[in-house]
Structure formats: structure tokens, C-alpha cells
Amino acid sequence: MNISIFGAGYVGLVTGACLADVGHKVLCIDLNTTKIEQLRQGRIPIWEPGLEAIVKRNVDEGRLLFSTEAADAAAHGAVVFVAVGTPPGEDGSADLQYVLAVAQSIAQHMQSYQLIVSKSTVPVGTADKISQQVSAILAERGLDLPFDVVSNPEFLKEGSAVADFQKPDRIIVGTESPHARDLMTELYEPFNRNHQRTLFMDVRSAELTKYASNAMLAARISFMNEVANMAERLGANIEEVRKGMGADPRIGYQFIYPGCGYGGSCFPKDVRALERLAHEVGYEAQLLASIEAVNQRQKQRLFDKLVAQLGGEQALRGQTVALWGLAFKPNTDDMREAPSRVLMELLWRAGARVQAFDPVAMKEAAQIYGQRPDLVLTSDKYAALQGAQALLICTEWQQFRAPDFEEMAGRMAQRLIVDGRNLYTPDKLRADGWTYLSIGRA
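Everything numeric here is computed off the predicted structure, so don't read it as measured data.

What counts and how
Residues numbered from 1 in each chain as written. Predicted model: local features only at pLDDT ≥ 70, side-chain atom pairs only at ≥ 80, totals over all residues. Heavy atoms only, no water. Helix = DSSP H or I, 4+ residues; strand = E, 2+ residues; numbered from the N terminus. Rg over C-alpha atoms; globule rule 2.2 N^0.38 Å. Buried < 20%, exposed > 50% of the residue type's maximum accessible area, 1.4 Å probe, protein only. Contact = heavy atoms within 4.5 Å. Areas by Shrake-Rupley, 256 points an atom, 1.4 Å probe, with all protein chains shown as cover. Lys, Arg positive; Asp, Glu negative; His and termini not counted. Charge placed at Lys NZ, Arg CZ, Asp CG, Glu CD. Salt bridge = Lys/Arg side-chain N within 4 Å of Asp/Glu carboxyl O. Core = buried A, V, L, I, M, F, W, Y, C linked by side-chain atoms within 4.5 Å. Pairing = 2+ DSSP bridges. Right-handed = clockwise from strand over helix to strand, strands pointing away. Phe/Tyr/Trp six-rings, centres within 6.5 Å; stacked < 30°, edge-to-face > 60°. Lys NZ or Arg CZ within 6 Å of the ring centre and 35° of its normal.

## What to know about the overall build of the protein
Helix and strand counts for the protein stand at 17 helices and 14 strands. Radius of gyration (C-alpha) of the protein: 24 Å, near the 22 Å computed for a compact globule of 442 residues. The principal-axis extents of the C-alpha atoms in the protein amount to approximately 75 × 45 × 45 Å. When the 442 residues of the protein are sorted by exposure, 55% land in the buried category. At a minimum sequence separation of 6, the contacts of the protein that also span at least 24 residues come to 72%. Roughly 19300 Å² of accessible area belongs to the protein as shown, and the carbon and sulfur atoms make up 50% of that amount. Charged side chains of the protein number 46 positive and 53 negative; the gap between the two group centres comes to 5 Å.

Laid out in C-alpha cells, this is it:
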């Protein structure tokens, strides 16, 4: 099939590359000319394991094309994906200006039937707005062309997006059009050969499924962090509690790891957008408000623990603090709403100097914060420790799990670790002379 995708960002690029890899011919449209030139050369602007090789292979074999011209999409094929950003507005609602701009562009250029596939994470009712936009533009053009709008939300985890797309848990398609259903069945046939993963439903249910899924996962994380904070006061060990809870098959082990809060481009934005959507329809979603409030508080936990250990914020003035992990999770360079950002900004406000290391997010950090005297981005994890009063850990990268503690002790001003991901065994470190503070373990 010939497929066009508006948006060559994270979702659009992964979608386009993986669809091309099974044989479809895909054209990605993006207004960023620099990005398009890079992609035409097989170079990708994001860090995602396995993606660059797929992009390069399909570019070389002519199945993955890139353009900055919206008119090319209509000429390329009947299936058009909308995979542009929906950034949060000031009130937390999803900003649909880019989605609706794409809908307008599609309507201005279409000459025959188009299947418009909404891949962006959007509020319930967005497909109706896209339909209204397209119908209005076609009426202005004096045309009566058939089209369908379907909801096909993405469920990609940063760091494993390629595998998630190639072997999905489920493929959600919202449509009530038999023709659209047939086209989407053909489109995703290569991903359903082992067993049927596609779930068809009405459009609004598909749109809500995406938001509800992310809110549920965020709720599990915030709930576990609440229990972890209680465990510290009760003298319990949250890691033992976690194992006991996870052994119940109704609960399971996924997304019940305590830590210093969740971040990224999805959970924070989607929880706030769903809460705002509830408000718009006259419902007070108390649980959704609590999920976000707990997470915001949890992002400050490492700072609070460090301040309490040192005897007050004044003890941080002029001191050096080491930070391991800048990305919001391993296997990505994404720092959007990362706990590390909250932590660094609190440290700077207290007058501390931060020496930070992350395996892949250093460039991103430099772009966000630029050159500043109170931030040093080091070449490796041990260099970040030089002269530091404490080490704070925000991201559970594999290379942080078994460090050389003697090497660490030789570089640091004192043996103090505040661990936001519970990577180490408290008794062992304390026996070696470390002061070790973690989440939910006394």
C-alpha cells in the first residue's frame, strides 16, 4: 500500500519506518527541512534503539521517502496518517492546532477518496473535529469527495518503540466505516499473522483507550510511590512489598517500581489532558488529579532527602553534587518532564553545582540548559563524581547497576548516595561505610 504520514517526529518516524519495513511504500511529510534532509540520508534526529538501521535500509531500498510538500501526500496514496504533536496548553488540555492544520492541508489537496488515520494522542471527539474541518474545506472548494477518519492510537514505549510496533500487544482501530475497516485490516495484515491483534471499536472509544491506558500506568507508579513513602515511616521495605504484591496475578510486576517519579512526553501530558477533558464534560476526576500531584511531589524526594541528610539547604551552597541519569528513563535521550530536571533546578536554586552524566542524553541537556557555570556535563560516570558531596541517581541505566564503589569513594568528597531507582543493596553499602538513601527502604 502507498501510505503518507504527516509528522516525521517520534511517532511518525517509527510508524513510517516499520510500515515500510514490511513492504508498504511510505512518504513522511514534515515542515522541518533540516530534518528531512537528514532522513533522506538515513540519519535520524532521535535516539531510539534499532530505528536508524530500519530507516536507512528502507530509504536505500526506496520504500521510505521524505518530503516537505503537503501536496505530495495526496498524490502518493489514499491512506494518510496524522502523527503530529499535541503539546499541552496552559490549562493542561491538548493543543490540537497542528492536528487541525494537517486536516486542513489534506482537504486542500485531496482529489479522491482519502482514509485519514489519527495517530496522534488526542482528546475524545478529535476525529469529529477533523471530519468537520475536512468537510468545510471541501465545501469551499466546491467538491464532494468521500473520506473516512479513523482513530488508531499509538502504544509505543520510548526505548523499545520498534519492537512495540513490530510485535504489538494490540492494534486499536476506531471506525464505523466498513471500507475503512477493510483498508486498516490490509494495512496491518503483516502484524497479525501469528494471531489477530487488531481490535475494532467505535472512534470515541478508541480515542479514550489511549488516554485511559496511560493514566492507568501512571496511577500504578504514583500509587507505588505513595506506599513507598509510607514504608519509610513504617520501617518496611518497599522492595519486599513490591514482590509480594506482584506475585498476585491480578496485579503483576509491571509499573509497580517505586522511584523518583515518572516523566516523558506521554504520562504527564496525558494524565493532565484526561483530567481537563473530564472537567470539560462536568466530571470531577479526583483520582486523576491525585496521580499528577503525587508525581510532582515525588520528583522532589531526592532533593528533600539530600537536604535532610546535610542539615538544611544552606549546606548545599557552593557544593558540588553528582547526578547519574538525565533522561526520564533508560534507552532514550528524552528529557521532557524528567525527574532530573526538577532535581537540578532545585539544586541550583539552593546554590549547588551539578556534575552530570547520562549515556545518551548529554546533547539534549546541553540544548535545554546551554552553557552555565553551575552545570558540568562529564565524559563518563566516574568523572561526574570528582569532588562531589553526594551522588544522586535519577535513571536506572544498565551501566549504573554495578559500579566500582572503591573508584567512586576515591573521587567523592564523602560516601553519600541518594538513589531514586533503588539500584543497590542498602546493608552491603552501609557495611562498606556508605551513607545510602533510597526510596521506600528505611
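Moving on, there is more to tell.
## Observations concerning the pattern of salt bridges
In this structure the tally under the stated criterion is 26 salt bridges. Close ionic contact of Arg193 with Glu189 constitutes a salt bridge, the shortest N to O distance being 3.8 Å. Given a relative accessible area of 43%, Glu189 falls into the partly exposed group. Salt-bridge contacts for Lys243 lead to Glu240; the nearest nitrogen and oxygen are separated by 3.8 Å.

## Quick word on the side chain of Asn295
Structurally, the position occupied by Asn295 is in helix H12 (residues 286–298). Contact partners of Asn295, with chain neighbours within four places excluded, come to Ser222, Gly261 and Tyr262.

## Quick word on the nonpolar core
Within the largest apolar cluster, 60 residues are counted, with the highest numbers of intra-cluster contacts made by Ile417 and Tyr424. The leading source of residues in this core is helix H14 (residues 339–349), at 5 residues. With residues up to four places along the chain from it excluded, the contact list for Ile417 reads Leu391, Ile393, Phe405, Met408, Tyr424, Leu429, Trp434, Thr435, Tyr436 and Leu437. Judged by nonpolar contacts, the second largest core, of 41 residues, contains Ile3, Ile5, Cys28 and Phe191.

## Side note on the pairing of strand S2 (residues 25–29)
For S2, the buried fraction is high: 4 of the 5 residues fall into the buried class. As paired elements, strand S1 (residues 2–6) and S2 share 5 bridges and run parallel to each other. The residue bridging Ser4 from the neighbouring strand is Leu27, located in S2. Once you follow S1 into helix H1 (residues 10–21) and on to S2, the crossover reads as right-handed.

## Some points on the packing of aromatic side chains
By the definition in use, this model includes 11 aromatic pairs. For the pair Trp47 and Trp397, a centre-to-centre distance of 6.4 Å together with 70° between the ring planes defines the contact as edge-to-face. Remark: Trp397 occurs in the loop between strand S12 (390–393) and helix H16 (405–411) and Trp47 occurs in the loop between helix H2 (33–40) and helix H3 (51–60); sequence separation between them is 350 residues. When its relative accessible area of 34% is taken as the criterion, Trp47 is described as partly exposed. Here Trp397 falls in the buried class, since its relative accessible area comes to 7%. Where Phe405 meets Trp434, the ring centres are 6.1 Å apart and the plane angle is 70°; that geometry is what we call edge-to-face. On the criterion of sequence distance, the pair formed by Phe405 in helix H16 and Trp434 in the loop between helix H17 (426–431) and strand S14 (435–437) is long-range, its members being 29 residues apart. Like Trp434, Phe405 is buried. Ring pairing ties together the aromatic residues Phe405, Tyr424, Trp434 and Tyr436, which thus form one cluster. Positioned above the aromatic ring of Phe155 is the side chain of Arg170, whose terminal nitrogen or guanidinium carbon lies 3.8 Å from the ring centre. A cation over an aromatic ring shows up here: Arg372 above the ring of Trp348, its NZ or CZ 3.7 Å from the ring centre.

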